[in-house]
Structures are given as C-alpha cells and as structure tokens.
Amino acid sequence: FPRQCMTPEILKSRACCPSLTQEISDPCGFSLGRGQCMPVTIDSRPHGSQYPYVGRDDRERWPTRFFSWTCLCTGNFSGYNCGACKPGWTGGNCDQPVLAVRRNVLDLSAAERLRFISALNMAKRTVHPVYVIATRRYEEIMGPGDNTTQFENISIYNYFVWTHYYSVSKTFLGAGQKSFEAIDFSHEGPAFLTWHRYHLLQLERDMQEMLRDPSFALPYWNFAIGGSKCDICSDDLMGARSNFDSTLISPNSVFSQWQIVCEHIDDYDTLGTICNSTEGGPIRRNPAGNVARPMVQRLPEPQDVLLCLELDLFDTPPFYSNSSESFRNSVEGYSEPSGKYNPIVRSLHNLAHLFLNGTGGQTQLSPNDPIFVLLHSFTDAVFDEWLRKHSADISLYPLENAPIGHNRQYNMVPFWPPVTNNEMFVAAPENLGYMYEVQWPKRALNITEVITITIVTALILIALVFAFATCVIQGRRNKDEWNQPLLDDQYIHYSEEYEKIQNATHSVV
Ligand SMILES: O=C1C=c2cc(C(=O)O)[nH]c2=CC1=O
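Named according to an unreviewed UniProt entry, the chain is 5,6-dihydroxyindole-2-carboxylic acid oxidase originating from Geotrypetes seraphini. Under the heading Catalytic activity (unreviewed entry), UniProt records this for the chain: "2 5,6-dihydroxyindole-2-carboxylate + O2 = 2 indole-5,6-quinone-2-carboxylate + 2 H2O". Heading Subcellular location (unreviewed entry) of the UniProt record for the chain holds this comment: "Melanosome membrane".

Right under this line is the structure:
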C-alpha cells in the first residue's frame with residue numbers, strides 16, 4: 001500500500017485516498033479534476049470450490065480487509081492519488097500518447113544490454129518511492145504501541161518479488177496448524193495471464209519513473225527455442241554459469257551479487273508472518289541441470305507456441321491447472337501445448353521456469369532471478385498475439401466459478417489501487433501503451449498436409465516426366481519425317497549422278 005496510507009489513523013479510517021496537492025482535504029487531485037475518493041468495488045460472484053474457507057485469509061474480497069475507499073481517477077489520470085497517467089499516456093496532463101516497444105533481448109546492442117542490466121540493478125537498490133509492504137497479517141498489523149504499523153520500505157525490484165510471493169503464499173490457519181496450500185491468486189487459473197501482465201506493467205512503469213524515460217521497455221526472452229542451452233545466460237545479459245560453483249552466477253555478472261528476498265517460506269507459514277524486505281542468499285541457477293527430471297532439461301520447442309495459439313478458448317472449466325483445450329492452461333504449461341491436459345506434462349511457461357532449476361524454478365522465489373522478467377515478457381507476448389489472432393472478447397473470460405482471485409471482476413492481489421483481471425484482458429498496443437516486436441515461427445505442416453503435398457508433388461512429377469517423354473518421342477518422329485524426304489532427294493540425286501558417272505566411265509573404257 002502507499003506509504004502515505006500506513007498510519008494507524010488512516011488504516012482505521014479504511015480510506016486510502018491521498019492528496020495530490022498539499023491540501024489535506026483535497027483527496028485524489030479532486031480540485032484539479034483528476035479524481036475522487038470512492039468506495040472500492042469488489043467481486044461478489046462465487047469462486048471455485050478449491051478454497052473452502054470464509055474470512056480466514058486477508059486476500060479474500062481484496063482489498064477490503066485493509067481499505068474500502070480508494071481514489072477513482074477520471075480520463076487518462078491514474079495511480080494511488082491520480083497523480084500518474086494511464087498506461088499509454090504521458091505529460092503533465094496525460095494527453096500525450098506513448099508506446100514502449102518490447103524487443104527480443106538478444107536483439108539489443110551492447111550499449112542497450114548494458115543500459116538494461118544497469119537499470120535492473122538500479123531498481124534492486126532504489127527504495128520504492130510510493131509503496132511499502134505489510135510484514136504481518138491484518139490481525140497483527142497495528143503496533144507496537146499506538147503509533148506504528150507493521151509495514152516496511154522495500155526496493156523497486158524487491159517489491160516486484162514480494163507482490164508475487166504474497167499472491168502465491170499459503171493461508172495461515174493458526175499456530176500449530178498446517179497452512180492451506182490449494183490457493184494461488186496468480187497461477188493455475190485464468191488470472192495467470194492478466195495478473196502477470198499487470199505485474200510486469202507495474203515494474204516497467206516504476207522503472208520508467210526511476211529512469212525518467214516514459215519509453216523504457218522491458219525486453220523478452222524467446223524461451224521456445226528447444227535444446228538445452230540457456231542462450232541469455234551470458235555475462236552481458238543474465239549472467240553466465242560460475243566456474244567455481246555450477247549452481248551460481250559468474251562473478252563477472254552483477255547478478256552474482258544480488259541477494260534474494262522471501263527465502264524463509266517455512267518460517268512464514270509456521271509463524272503466520274509475511275516475508276519482509278531482508279535480503280539473504282544468492283540467486284541459484286543451474287539450467288538443464290535437473291538430472292532427476294530429464295523432461296525439464298530441455299526448453300520448449302518453437303512449434304509449441306504455434307500450437308497453443310491455435311486454441312480458440314481462453315479457458316475451460318474448471319478453470320484450473322487440470323483444464324483441457326484451454327489456451328491459458330497450455331501457455332501456463334500444465335497441459336500439452338495443443339491443449340490436452342496431461343498431469344505429467346510441463347510445457348511452455350512452466351517448463352521454462354523448471355529448466356532454470358534453482359531460484360527461478362520455485363514459485364515463491366522465482367522473480368528474484370531477473371530471468372523471470374524476460375520469461376514473463378515473452379509469455380505476455382504470446383498472450384497478446386492470442387488476443388489479436390482471435391479478436392478476443394471479454395466474454396471468453398469466466399465471470400464466476402474460477403479459483404479464488406481468478407474471476408473476471410476480482411481485484412488482483414495485492415495490487416493497489418484496485419485493478420481487475422478484466423482490465424488486463426485487452427490488446428496491449430491499443431490499450432496499455434506497449435507492443436512486442438516478435439518474429440513468430442512459421443507453422444510446421446501436420447501429417448495430412450504432408451501426405452497431401454507429397455501426393456500432389458508426385459503427381460506433378462509423373463505428369464512432367466510423361467509430358468517430357470511424349471515430347472522426346474514426338475520429336476524423334478518429327479525428325480524422321482523431316483529427314484526422310486531430304487535423304488530420298490539426295491539419294492535420287494546421288495543415284496542419278498552415280499549413274500551418269502558410271503555411263504561415262506563405261507563409254508571411255
Ligand atoms: O516460478 C514458478 C515456478 C514454477 C514451477 C512450476 C511447476 O510446474 O512445477 N510452475 C511454476 C510457476 C512459476 O511461476
């Protein structure tokens with residue numbers, strides 16, 4: 001939540017509507033016509049049966065356990081106090097369009113690579129200018145004393161890690177009780193794509209602000225290249241493998257110095273606490289090194305992307321990790337790329353995570369490895385291509401009965417101000433101020449097409465051979481017919497000459 005809202009008084013008031021001017025009684029830039037303080041709207045439709053509790057988790061009916069009033073901004077204004085612009089707009093009045101172009105990280109020049117890595121490193125070291133994180137559940141958020149609350153500052157990049165952690169953490173059911181595990185506000189459901197889209201957009205916008213460059217764009221990693229080589233694991237990009245420890249990053253990369261957050265998952269679950277901003281151990285990464293699971297030692301194939309793009313339905317009941325014929329479940333990677341659910345399969349996004357075999361392969365920790373940013377940028381590019389290719393309408397996104405957090409109108413956890421899944425189910429270039437520069441692979445032919453083309457080619461060849469043979473034979477015949485009279489003429493001619501000579505010879509003799 002915004003730092004400004006974390007005083008005991010504002011928490012108790014249940015309204016987080018900061019002022020944009022210095023005037024306390026002017027919430028949300030109201031006097032400037034930018035917005036006003038309004039009640040939060042929440043999704044009240046039924047969710048799937050996977051989560052059986054009511055009132056046990058702060059993330060239910062998000063964000064109303066904490067706040068029921070928020071800034072609602074007008075026109076192109078947005079943000080926690082309506083001081084920012086909607087994605088795609090910039091300038092003091094948010095009336096200038098801007099488009100960030102997300103490119104293949106391998107296409108960046110040496111200077112662009114350096115700039116991107118330095119920007120990530122700066123985000124890792126810069127305190128988030130707006131948001132602070134809760135380190136306790138709501139029940140324990142106040143104190144110690146009357147004047148404090150359990151919130152901490154965090155860096156821009158670690159905030160990106162923390163929001164992912166918070167969305168996937170288990171439900172604490174009480175001391176000594178096992179936490180409830182079958183809950184995930186950002187995976188295994190339709191919100192997987194919309195949630196991660198907003199997650200990236202938030203980081204991109206935070207970095208744009210940090211760099212004062214509204215056109216800064218996150219690049220992507222096309223992980224669908226097959227084989228077992230991590231092509232972005234070089235020291236000028238995400239860091240090569242260390243020569244000293246094969247599960248660490250080379251000391252020549254700045255990422256070898258990054259320390260991860262949220263690594264004590266078991267402690268949080270047992271104590272009922274929440275990950276804080278304390279940094280700990282290094283990023284671990286061992287691409288293609290999971291010898292116990294040969295299936296995750298290879299990256300997805302280019303054709304896998306094309307297969308999932310063919311699926312017409314965005315998601316299918318039960319809108320979960322066992323959905324079949326679902327574009328979302330295929331690109332997320334719990335089914336075969338062509339849509340068939342298979343419990344032992346890991347494909348596309350999941351396979352890319354598991355291939356990394358380390359920090360980037362564990363859901364509660366994965367964004368600590370900056371490869372996460374590039375991996376999800378490509379996953380989002382596939383989502384955007386699917387939206388475009390199928391001219392997708394919001395009616396394809398389930399309104400109800402998806403797992404908790406995944407219904408169309410649910411406010412994505414833990415983002416503030418509230419933003420629904422609905423709002424991210426739109427084509428990015430026209431609505432969100434960014435686009436992808438991607439060369440999609442060419443479609444491979446299916447078996448019927450291969451057989452048809454082989455037969456047609458064979459028939460054409462036979463026809464050509466036949467036509468050629470006919471021409472040759474015809475040519476010979478014609479040649480005979482043309483030559484015959486000439487020979488005959490000549491023969492007669494020579495015969496006559498010969499006879500004349502013979503006669504002359506005889507008369508001489
Ligand atoms: O970070 C992630 C790690 C994952 C591992 C799997 C899996 O299929 O086992 N899925 C994951 C998603 C992640 O986001």
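Having seen the model, we can carry on.
Look at the UniProt record and you will see "domain: Tyrosinase copper-binding" (unreviewed entry) annotated at residues 187–204 and 369–380. Spanning residues 187–204, this segment combines 78% helix with 0% strand, and its end C-alpha atoms are found 21 Å apart. In this annotation, residues 369–380 is assigned 83% helix and 0% strand; the end-to-end C-alpha distance for the span is 18 Å.

Every residue near the ligand is listed here: His-187, Tyr-334, Arg-346, His-349, Asn-350, His-353, Leu-354, Gly-360, Gly-361, Gln-362, Thr-363 and Ser-366. His-187 has a polar side-chain atom sitting 3.2 Å from an oxygen atom of the ligand. Residues of the shell around the ligand, tallied by class, amount to two nonpolar, nine polar and one charged.

A few words on a nonpolar patch on the surface. A cluster of nonpolar side chains, contributed by Ile-447, Val-450, Ile-451, Ile-455, Leu-459 and Ile-462, occupies part of the molecular surface with about 590 Å² of accessible area. Mapped onto the elements of the fold, Leu-459 is located in helix H11 (residues 447–508).

A word on the pattern of salt bridges. Overall, the coordinates contain 25 salt bridges when judged by the stated rule. One salt bridge connects Lys-170 with Glu-181, and the closest N-O pair in it is separated by 3.7 Å. Here the residue Lys-170 occupies a position in the loop between helix H3 (156–168) and helix H4 (191–211), and Glu-181 occupies one in the loop between H3 and H4, the gap between them amounting to 11 residues. Residue Lys-170 is classed as partly exposed on the basis of its relative accessible area, which comes to 26%.

Throughout the structure, instances matching the rule amount to seven disulfides. Covalent S-S linkage joins Cys-230 and Cys-233, the inter-sulfur distance amounting to 2.0 Å. On the S-S bond that ties Cys-230 to Cys-233, the torsion sits near 65°, and the link is right-handed. Neither residue differs from the other here; Cys-230 and Cys-233 are each classed as buried. Here Cys-262 pairs with Cys-275 through a disulfide, and the sulfurs are 2.0 Å apart. With the S-S bond torsion at -70°, the cross-link from Cys-262 to Cys-275 turns out left-handed. In this pair, Cys-262 is assigned in the loop between H4 and helix H5 (265–271) and Cys-275 in the loop between H5 and helix H6 (302–309), connecting sequence segments 13 residues apart. We note that Cys-262, like Cys-275, is buried.

Rules used in this analysis
Counting of residues starts from 1 at the beginning of each chain's written sequence and follows it residue by residue. Predicted model: local features are reported for residues with pLDDT of at least 70 only, side-chain atom pairs are reported and counted for 80 or more only, and whole-chain, interface and lining totals are derived from all residues. Hydrogen atoms and water are omitted, and side-chain values are computed over all heavy atoms in the structure. UniProt positions are given in the numbering used here, feature names are shortened, and annotations may be inferred rather than shown by experiment. Runs of H or I in DSSP of at least four residues are treated as helices and runs of E of at least two as strands, each being numbered from the N terminus. Residues are counted as near a molecule or strand when any one of their heavy atoms sits within 4 Å of it. Between N or O atoms, a polar contact is any pair within 3.5 Å; within protein, one atom must be a potential hydrogen donor and the other a potential acceptor, and residues adjacent in sequence are included only when both atoms are from side chains. Under this grouping Gly is polar, as are all residues other than the nonpolar Ala, Val, Leu, Ile, Met, Phe, Trp, Tyr, Cys and Pro and the charged Asp, Glu, Lys and Arg. Within this analysis, patches are made of residues with over 30% relative accessible area and no salt bridge. Like charges are joined at 9 Å or less; nonpolar side chains (Val, Leu, Ile, Met, Phe, Trp, Tyr) at 5 Å or less. Only the protein chains shown count as cover for residues, and all accessible areas are computed by the Shrake-Rupley method using a 1.4 Å probe. Salt bridge criterion: a side-chain nitrogen from Lys or Arg within 4 Å of a carboxyl oxygen from Asp or Glu. Three exposure classes are used, based on accessible area relative to the maximum for each residue type with a 1.4 Å probe and protein chains only: buried under 20%, partly exposed in between, and exposed over 50%. By disulfide we mean two sulfur atoms from cysteines, separated by a distance within 2.5 Å.

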